[in-house]
Amino acid sequence: MKPALLSKEDIEKFSWILSDEPIEVEKSLVKYHFKYLTSSYEILNFDLDSLYIKKGQVHVSEVFIELLDYLTNITDDEKEAEKYVRKQIKYVEYQLDRLNKKFMRANTLIYTGPISVYYLKLIMWYREINDNFSLAKTYQRYIQFYYECTYNEPDIFNDDFDELFPEELQNLLSDNNFQVFIYSPQLMDCITKAMVYADDSEPVLIYGETGTGKELIAKIIHYFSKRFDNNFKAINCTAISETLFESEIFGVISGAATDVKTRLGAFLSACGNANVLNKKGYRIESDGKERKIKFFEDGKEIPYHKRPDPKYLKKISGTLFLDEINSIPNSFQAKLLRVIQENELQVIGEDITRPFSVKIICAINRKIEDINADHEKFRKDLYYRINKGYIELPPLRDLLEEFPLIVKYKLNQISDEINSGKKIRIDNKAIKKLQRYSWPGNFRELENVLYRSAKAVSIENRTVIVYNDIEELDQITQEKIINIDDKFLNKSYDEVEKEYMEYLFGKANGNISKVVRLGRFKNKSPVYRILRKHSIIPPKK
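Residues numbered from 1 in each chain as written. Predicted model: local features only at pLDDT ≥ 70, side-chain atom pairs only at ≥ 80, totals over all residues. Heavy atoms only, no water.

**Here's the deal with the overall build of the protein**
The following threshold applies: Helix and strand definitions here come from DSSP, where helices need a minimum of 4 consecutive H or I residues and strands a minimum of 2 consecutive E residues; each element is numbered from the N-terminal end. When accessible area is computed with a 1.4 Å probe and restricted to protein chains, residues below 20% of their type maximum are described as buried, those above 50% as exposed, and intermediate ones as partly exposed. In what follows, residue pairs with any heavy atoms lying within 4.5 Å of each other are defined as contacts. In this description, accessible areas are obtained by the Shrake-Rupley approach with a 1.4 Å probe, and a residue is regarded as covered only by the protein chains that are shown.
The helix and strand tally for the protein stands at 24 helices and 15 strands. Burial status across the protein gives 47% buried among its 541 residues. The contacts of the protein with a sequence gap of at least 6 include a subset with a gap of at least 24, amounting to 69%. Just so you have it, the protein exposes about 29,100 Å², and 48% of that area is on carbon and sulfur atoms.

What follows is the structure, given as structure tokens:
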């Protein structure tokens, strides 16, 4: 097989294209170098191990792409330029497919180091040459490799890779709670769905208990979409009184009621971009006497009697996140449904309707059937309208396998926060005690409990949290044990065994090795026997 790493002589020969600012050369010379490269080196099916390059080495793949890109830019013939672009796209897609086939395991790419860097380079090239590129479609790989390169391979990580991520998204990636998500396949699956839903403008409903990260998922949907540089507006519906709901969500103009000041409202606030010099979207402007709602297209005001261009509205579409939407008044639900369906609303005090374009993300902390069972009626037609996309966040108590990793990660963060000077650890008995707790407050509550325990340990000049340092959980742990007893009290052993194995099998996505780990079995034999006994898997042939 031909080599994949350039010789020292050839590195010198191609220095003009490898430098930060390529030197201008004649097209005939570029074509000569291109022909020489393809005849002397293995361009297509090189050994993937050759990607483990050392400092000073250059891989043929990088030079090949740079030459194609150079030819594209210096070619005057449009058809010829398109031919080079197609070659680049085809080449990058082929190499991505090779990496996925070799290193993909259970939907997760498992390679690290220089190969991760190469993967990111391929993605960067692909993004530059493909107009249909979607960040969402390869979301998990970006996240995985971003962390691998940043934290595990800082010496080979190039700042240019940050170009893959908008600044707001980089802030999101460094968010402490987001980093917890990468430890859990279940939570990463929620991010999968968020990335898929980011591509369109349909509403999304997020269900999760308090403290499970609903707003974080909403931000992922926003910042991984084409709306990332437009407004993200978050509204906590429980914090708004019933009398102010309509004005806070739809807006109001001064004079509509006594002592009322003009407010834009949540929907119109999300439609536009507040972070640019040119005015875009709906804004409140004062003429010296009163504040009025005005609409701007690229800095130019659209007169009151004209309607904004629908195409322009779509261009400046932001995201509106309505948290705990189940708490909105019954009297307001029908109005909200109509606004979502029609994409236009009437500001209180105005006699016209104003069109808008936003991605609507709603969140609830209880299932709709539970809400209606408690006589807190939520309109089914509104529920079906906002439930186009659905993401269910698991509670912390369901993350049994990932729990120790999450605890240790959170503890590392807390050690830095309290400036103890030493890393605070936690022993296994204390972790098991935490695992037995039901965690109604989820990640937020876990962080609070660990913070108090770590603070107490640091005051005593210790570095390890032990079982007795976590006293406040004892009573609630006992309550949870009683609840579990009630759940299985009237069931036979076989019924309990079947239910338990179905739970493990589902949580492991059918992976027997994972079932063994989750259920703490000694080997696979009893797992296969019990699964076949209850017809969870087919009988042995």
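**Details of unusual backbone geometry**
Backbone geometry at Trp439 places phi at a positive 50°, although glycine is not the residue there. Among the structural elements, Trp439 can be located in the loop between helix H19 (428–435) and helix H20 (442–459). If you check the backbone angles, Asn442 has positive phi at about 55° while not being a glycine. You can see Asn442 is positioned in helix H20.

**Overview of the pattern of salt bridges**
Under the convention used in this document: Between Lys or Arg on one side and Asp or Glu on the other, a salt bridge is scored when a side-chain nitrogen of the former is within 4 Å of a carboxyl oxygen of the latter.
Throughout the structure, instances matching the rule amount to 21 salt bridges. The residue Lys13 makes a salt bridge to Asp10 at a minimum N-O spacing of 3.9 Å. Placement of the pair is Lys13 and Asp10 together in helix H1 (residues 8–13), with a separation of 3 residues, close to one helical turn. By relative accessible area, Lys13 is classed as partly exposed at 32%. Ionic contacts of the salt-bridge type, sharing partners, join the residues Lys27, Lys31 and Glu80 into one network.

**Side note on helix H22 (residues 493–507)**
Put simply, the rule is: Each helix should span, by expectation, one fewer than its residue count multiplied by 1.5 Å. Comment: arc refers to directions from the helix axis out to C-beta atoms.
With 15 residues, H22 should cover 21 Å at 1.5 Å per step; its first-to-last C-alpha distance of 21 Å lies within 8% of that length. Those residues of H22 that sit buried are Glu497, Met501, Leu504, Phe505 and Lys507. Buried residues along H22 cover an arc of 165° about the axis, so they all sit on one side. The secondary structure elements touched by the buried residues of H22 are helix H10 (185–197), helix H23 (512–519) and helix H24 (525–533). The first or second residue beyond H22 is Asn509, which carries a positive phi of 55°.

**What about the pairing of strand S9 (residues 318–323)?**
Our working rule: When DSSP finds two or more bridges between a pair of strands, those strands are recorded as paired.
Among the 6 residues that make up S9, 6 are buried, leaving the element largely enclosed by the rest of the structure. On S9, burial covers both faces: Gly318, Leu320 and Leu322 on one face and Thr319, Phe321 and Asp323 on the other are all buried. Across 5 bridges, strand S4 (residues 232–236) lies against S9 in parallel orientation. Among the inter-strand pairings, Asn236 is bridged to a residue of S9, identified as Asp323.

**With respect to the packing of aromatic side chains**
Put simply, the rule is: Aromatic rings from Phe, Tyr and Trp, with only the six-membered ring used for Trp, were paired whenever their centres fell within 6.5 Å, and each pair was classed as stacked if the ring planes differed by under 30 degrees, edge-to-face if by over 60, and tilted otherwise.
Using the criterion set out here, one finds 14 aromatic pairs in the structure. Ring centres of Trp16 and Tyr70 lie 5.2 Å apart, and the angle between their planes is 80°; on these two criteria the pair is classed as edge-to-face. Of the two residues, Trp16 is situated in helix H2 (residues 15–18) and Tyr70 in helix H4 (residues 60–74); the sequence distance between them amounts to 54 residues. Among the residues examined, Trp16 registers a relative accessible area of 6% and is labelled buried. On the basis of relative accessible area, Tyr70 is assigned to the buried category, the value being 11%.

**As for the side chain of His33**
Note on placement: His33 falls in helix H3 (residues 27–40). Setting aside residues no more than four positions away along its own chain, His33 makes contact with Lys13, Phe14, Trp16 and Leu67.

**Describing the nonpolar core**
Counted only if it meets this: For the purposes of this section, nonpolar cores are sets of buried Ala, Val, Leu, Ile, Met, Phe, Trp, Tyr and Cys residues that join through side-chain atoms within 4.5 Å.
Judged by nonpolar contacts, the single largest core of 46 residues is most densely connected at Ile217, Ile426 and Leu434. The set of elements that each furnish at least two residues to this core consists of H10, strand S3 (204–207), helix H11 (214–223), strand S12 (358–364), helix H18 (403–417), H19 and H20. With near-sequence residues (within four places) excluded, Ile217 lies in contact with Phe181, Cys190, Ile191, Ala194, Ile206, Ile391 and Leu393.

**With respect to the sheet that holds strand S7 (residues 291–297)**
Taken together, the 4 strands give an open sheet; going across it, the order is S5-S6-S7-S8, and neighbouring strands pair in antiparallel fashion. Lying at the two open borders of the sheet, with one neighbouring strand each, are strand S5 (272–273) and strand S8 (300–302).

**Describing the confidence of the model for the protein**
Formally: pLDDT runs from 0 to 100 and stands for how confident the predictor is about each residue.
Averaged over all residues, the pLDDT of the protein is 80; the fraction at 70 or higher stands at 80%. Of the regions scoring below 50 in pLDDT, residues 105–111 engages in 22 contacts with residues more than four places distant in sequence or in other chains. Contacts from residues 474–485, a stretch scored under 50 in pLDDT, to residues over four places away or in other chains number 9 contacts.

**Let's talk about a negative patch on the surface**
This is how it is decided: A patch consists of residues exposed above 30% relative accessible area that lack any salt bridge, with like charges linked at up to 9 Å and nonpolar side chains (Val, Leu, Ile, Met, Phe, Trp, Tyr) linked at up to 5 Å. Only four residue types enter the tally: Lys and Arg on the positive side, Asp and Glu on the negative side, with His and both chain ends excluded. The atom standing in for a charge is NZ when the residue is Lys, CZ when it is Arg, CG when it is Asp and CD when it is Glu.
A cluster of like negative charges, contributed by Asp76, Asp77, Glu78 and Glu82, occupies part of the molecular surface. Position of Asp77 among the secondary structure elements: in the loop between H4 and helix H5 (78–103). Owing to a relative accessible area of 42%, Asp77 belongs among the partly exposed residues under this scheme.

**Digging into the sheet that holds strand S13 (residues 389–392)**
Our working definition: Axes, fitted as lines to C-alpha atoms, cover a helix only where it is in contact. Angles between the N-to-C directions of the axes lie from 0 to 180 degrees.
Pairing within the open sheet is parallel, and its 5 strands lie in the order S4-S9-S12-S3-S13. Where the open sheet ends on each side, the last strands, each with one partner, are S4 and S13. Neighbour-to-neighbour, the strand axes of this sheet turn through a mean angle of 15°, independent of strand direction. Bridge count for S3 against S13 is 4 bridges, and the pairing is parallel. Among the inter-strand pairings, Ile206 is bridged to a residue of S13, identified as Ile391. Sheet contacts for H11: S3, S4, S9, S12 and S13; angle to S4, the most-contacted strand, approximately 160°.

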